[in-house]
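Descriptive structure summary
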Amino acid sequence: MNGMKKLNSYSFPFYILAVIVLWLKTLVIYFFEFDLRTSTFLETFLILVNPLGSIGLFLGISLFFPKKVRKTAFMVLYILLTGLLYGNILYYRFYIDFITVPVLFQFQNVGGLSQSTLELINWTDPLLFIDIAILAWLLVKRVDKGLPLTIIKRTSMICSSIALIILVILSGFIENPQLFKKSYDRENLVKTLGSFNYHIYDILFNSKMSVQRAFADSTDVDDVTKYINKLNSNAPPSSMSGLAKGKNVILISLESTQQLVINRKINGEEITPFLNSILKDSLYFPNFYHQTAQGKTSDAEFMIDNGLYPLSGGSVFVRRPRNDFYALPEILKEDGYYSAVFHSNDETFWNRENMYETMGYDQFFSKKYYHVSEENSVNYGLKDIPFFEQSIPYLKDLPQPFYAKFLTLTNHFPFLLEPEDQFLKDDEENPDLVHRYFRTVRYEDEAIKRFFTLLKKNGLYDNSIIILYGDHYGISKSYHKELEQVLDKEITPNEQIDLQKVPFIIHIPGEKGKIIKTIGGQTDIRQTILDLLGIHPEKPVIDFGHSLISKKPKDLVVFRDGSFVTKKYTFTENACYNKLTGDKVKMSKCTPYFDRVQNELNFSDNVIFGDLLRFNDEKMAE
Ligand code: GP9
Ligand code: MN
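Described below are features of the structure shown in this document. (Residues numbered from 1 in each chain as written. Chains lettered and ligands numbered in written order. Predicted model: local features only at pLDDT ≥ 70, side-chain atom pairs only at ≥ 80, totals over all residues. Heavy atoms only, no water.)

Section: helix α2 (residues 12-32)
Using the following cut-off: A run of H or I in DSSP counts as a helix once it spans at least four residues, and a run of E counts as a strand once it spans at least two, with each numbered from the N terminus. Helix span, expected: 1.5 Å multiplied by one less than the number of residues in the helix. In this description, contact between two residues means that some pair of their heavy atoms is separated by no more than 4.5 Å.
Compared with an ideal rise of 1.5 Å per residue, which puts 21 residues at 30 Å, α2 spans 30 Å between its outermost C-alpha atoms and is within 8% of the ideal. Elements that come into contact with the buried residues of α2 comprise α3 (41-60), α4 (67-95), α7 (130-140), α8 (151-175), α9 (186-193) and α10 (195-215).

Following this line, the structure appears as structure tokens:
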């Protein structure tokens, strides 16, 4: 009987030992993997203490399992918590962000494990699992002598853990009263609540969001409409309105292309010679930012077609593909446009097949329309040069005018390229990630150049406008040390926001070029396109964007984590900066924008989670 107890159960000191080991491991991960900066004593205290309560509680659950399965329950919980930490490490290494519930659900839509994921694994990672082996050995070998685990001890452990969690939450409130209002600032949440408590909060937050649709009614859409009308009430018409009336629209998403490559030379060679060459004959917006979050390419697509912000967690494409939207293809259709997307990846990636149908695209040329072989593909799939070449016959056959969106792919992390596709003559044998990035951007530039030639050859160039935009950053914060060497400067928080600039180029054949210094972001692309085409949608539009050719620009670009830039200032990581000099300035320079930033993000979330655009359709039908 006594033997059974020793074999299946475990002792109180063993439990305490396990809690301490996992706590220390979590702190090591906070310290070495997550870039959690603290500025006050309370913040530092919270970071040190916040994992303890939740670890005590979660491992403590096994204390209440029947003795027979208690060791197994303990090990399962311990492995799950370690797995959660490791999942966050891998996610953070690339996205500099923490996993959310929707990210887990979209895993199957983004190809699961790929070369990109393997690139993120370090040789030191197995060290993070050594404790599991040691604890399991202690249990199996019965070194642990099964000291009594009385009900009083178990209950008091659980109660102290819960008390510690409550203490952390209360102190978090004192440190940061806005904490739960700005629930999309995940770095702050992890810093304050701890990575385990953050996941509990994220589960609760997402379940609340899922019921929002059921409780929404038509008055909710009125509130948003009022806000938007007030913003747009005195926007004067632009002198360029209707400049591209009736033309085809060719939109090209430049995968992971940051603005820093434009007009930059590496070892004396231009990285984007073709893009540089068309700038003088195009409308070029040098102060343009991406605003994507966890939905990456799909977030950019969503903003461009809808003028709404992406979600703070997950992709709208995956989370709300059946909502009512009034997207760009639908608006353009009212003016006789045919819409198509060209992207040689699986149609299920980012749930595109469903979302494109919802947004009113007539045709999606996905991977199955292309000849993809071992020779003509790399990383995620078909290389950009054959992609454009194989797209031309389909494009030629589209009814005109058309809105055709092309999504490039080769310049995707981890930036792989075969020697025969290298157009940069740099001689590095083992280039680091940043140099690999420059090589794949150079390849992408060559692909665009050849596409322009093909458009001309096939008589599609003169009657089209070609719009190019970078979808999001390519070099994440994890590689900033390498990037600092290339840029030859330190990347401060202000500089980090500046690095979120992506190219935005509108090429209108036959029209003169112009540099437009207005600040803008991807939410503004839709209004800019409609303005150039001189199109006024028939139904009421809910859109947070602003035409960038307008004479009265919005002077605000809002990022999903609540950071923002204005013409003069940057607000990020709870500090206000003079955007141009990079100096920290008084917070009062940034506070006048706070309400507006929160309103924009909250109203946009309400539209998406409440599926509010369905009420506009109902009103039109009345
Ligand atoms: C894949 C493409 C790239 O189809 O969208 O993925 P992302 O940049 O979103 O990781
Ligand atoms: Mn992308």
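After that view of the structure, there is still more to cover.
Things to note about the packing of α2 against α7
Spelled out, the test is: To get an axis, fit a line to the C-alpha atoms, keeping to the stretch in contact for a helix; angles then go from 0 to 180 degrees between the N-to-C directions. Every angle not falling under 35 degrees, over 145, or within 65 to 115 is termed oblique; those three ranges are roughly parallel, roughly antiparallel and roughly perpendicular. Charged means Asp, Glu, Lys or Arg here, nonpolar means Ala, Val, Leu, Ile, Met, Phe, Trp, Tyr, Cys or Pro, and polar covers whatever is left, Gly included.
The N-to-C vectors of α2 and α7 enclose an angle of 175°; their axes lie 11 Å apart at closest approach. In terms of orientation, α2 and α7 fall into the roughly antiparallel class. Together, F14, L17, A18, V21 and K25 of α2 and D131, L135, L138 and L139 of α7 make up the contact between the two elements. Counted by class, the contact of α2 with α7 contains 7 nonpolar, no polar and 2 charged residues.

Focus on the side chain of H472
As a reminder of what qualifies: Buried means the residue's accessible area, taken with a 1.4 Å probe over protein chains only, is under 20% of the maximum for its type, while exposed means over 50%, and partly exposed covers the values in between. In protein, a polar contact means a hydrogen-donor-capable atom and an acceptor-capable atom, both N or O and within 3.5 Å, with residues adjacent in sequence counting only if both atoms are side-chain atoms; elsewhere, any N or O pair within 3.5 Å suffices.
Assignment of secondary structure puts H472 in the loop between β11 (464-470) and α19 (480-487). Classification of H472 as buried rests on a relative accessible area of 1%. Polar contacts involving the side chain of H472 include one to the side chain of E255, which spans 3.3 Å. Side-chain polar atoms of H472 contact the side chain of D471, separated by 3.0 Å. Those residues in contact with H472 that sit more than four places away from it in its chain are E255, S256, T257, Q258, H290, T292, K296, T297 and V502.

What about the packing of aromatic side chains?
Counted only if it meets this: In summary, the pairing rule links any two rings of Phe, Tyr or Trp, Trp by its six-membered ring, whose centres are within 6.5 Å, and it sorts them by plane angle into stacked for under 30 degrees, edge-to-face for over 60 and tilted for everything else.
Inspection of every chain in the model, using the stated rule, returns 45 aromatic pairs. On the basis of an interplanar angle of 5° and a centroid distance of 4.3 Å, the ring pair of F342 and F406 is categorised as stacked. Linking F342 in strand β6 (residues 338-342) with F406 in strand β10 (residues 402-407), this pair joins segments that are 64 residues apart in sequence. Across this residue pair, the class does not change: F342 and F406 are buried. Centroid distance Y369 to Y394: 5.8 Å. Interplanar angle 85°. Geometry classified as edge-to-face. With Y369 in the loop between β7 (363-365) and β8 (377-378) and Y394 in helix α17 (residues 384-396), this pair connects stretches of sequence that are 25 residues apart. Since its relative accessible area comes to 28%, Y369 is described here as partly exposed. With relative accessibility at 26%, the residue Y394 sits in the partly exposed group.

Section: a nonpolar patch on the surface
Keep this limit in mind: Each patch is built from residues that are more than 30% exposed by relative accessible area and take part in no salt bridge. Like charges join if they lie within 9 Å; nonpolar side chains (Val, Leu, Ile, Met, Phe, Trp, Tyr) join within 5 Å. Calculation of accessible area relied on Shrake-Rupley with a 1.4 Å probe; when residues are assessed, cover is drawn exclusively from the protein chains displayed. Any carboxyl oxygen of Asp or Glu within 4 Å of a side-chain nitrogen of Lys or Arg constitutes a salt bridge here.
Among the surface-exposed residues, V28, F31 and F32 lie close enough to one another that they form a single nonpolar patch of about 380 Å² accessible area. You can call V28 partly exposed: its relative accessible area is 41%.

A closer look at the sheet that holds strand β13 (residues 514-515)
Using the following cut-off: Pairing between strands is defined by DSSP: at least two bridges between the two strands are required.
The 8 strands lie next to each other as β7-β6-β10-β1-β11-β12-β4-β13, forming an open sheet whose pairing is mixed. Where the open sheet ends on each side, the last strands, each with one partner, are β7 and β13. One ladder, built from 2 bridges, connects strand β4 (residues 283-284) with strand β12 (residues 504-507); its direction is antiparallel. Along β12, the bridge assignment pairs Y284 with I505. On the sheet, helix α21 (residues 525-533) packs against β1 (248-254), β4, β11 and β12 and is oriented at approximately 15° with respect to β12.

A short note on the nonpolar core
The line we're drawing: We define a nonpolar core as any set of buried Ala, Val, Leu, Ile, Met, Phe, Trp, Tyr and Cys residues linked to one another through side-chain atoms lying within 4.5 Å.
Counting 172 residues, the largest nonpolar core has L59, I252, F342, L395 and F406 as the members making the most contacts within it. In this structure, F406 is in contact with I250, L251, I252, S253, F342, F387, F388, S391, L395 and F451, ignoring residues within four places of it in sequence. If you look at the next biggest cluster of nonpolar residues, it comprises 6 residues, including Y289, I497, V557 and V565.

Overview of the site of ligand 1
Our working definition: Any residue with a heavy atom positioned within 4 Å of a molecule or strand is treated as near that molecule or strand.
Lining the immediate environment of ligand 1, one finds E255, K296, T297, H343, N345, F349, W350, R352, L409, H412 and H472. At 2.9 Å, a side-chain N or O of H412 approaches an oxygen atom of ligand 1. Between ligand 1 and the protein, one listed contact pairs an oxygen atom with a side-chain N or O atom of H472 at 3.0 Å. Taken together, the residues of the shell around ligand 1 break down into 3 nonpolar, 5 polar and 3 charged.

Some thoughts on the coordination of the manganese ion (ligand 2)
The criterion, for reference: Here the term donor refers to an N, O or S atom within 2.8 Å of the metal (or 3.2 Å for Na, K and Ca), and because water is left out of the atoms, sites may appear incomplete. By the criteria applied here, four donors are tetrahedral when all angles lie between 85 and 135 degrees, four are square planar and six octahedral when opposite donors are over 155 degrees apart and every other angle lies between 65 and 115, and any other arrangement is irregular.
On the protein side, the manganese ion (ligand 2) has E255 (OE), E255 (OE), T297 (OG1), D471 (OD) and H472 (NE2) as donor atoms, found 2.1 to 2.4 Å from it. Coordination geometry of the manganese ion (ligand 2): the 6 donor atoms subtend angles of 55 to 168° at the metal centre, consistent with an arrangement described as irregular. Of note, the manganese ion (ligand 2) draws all its donor residues from one chain, in the sequence arrangement E-x41-T-x173-D-H. Highlighted residues: T297 in helix α13 (residues 296-306) and D471 in the loop between β11 and α19, separated in sequence by 174 residues. Judged by relative accessible area, which is 9%, T297 ranks as buried. For D471, a relative accessible area of 0% translates into the label buried.

Limitation: the analysis is restricted to geometry and does not speak to function.
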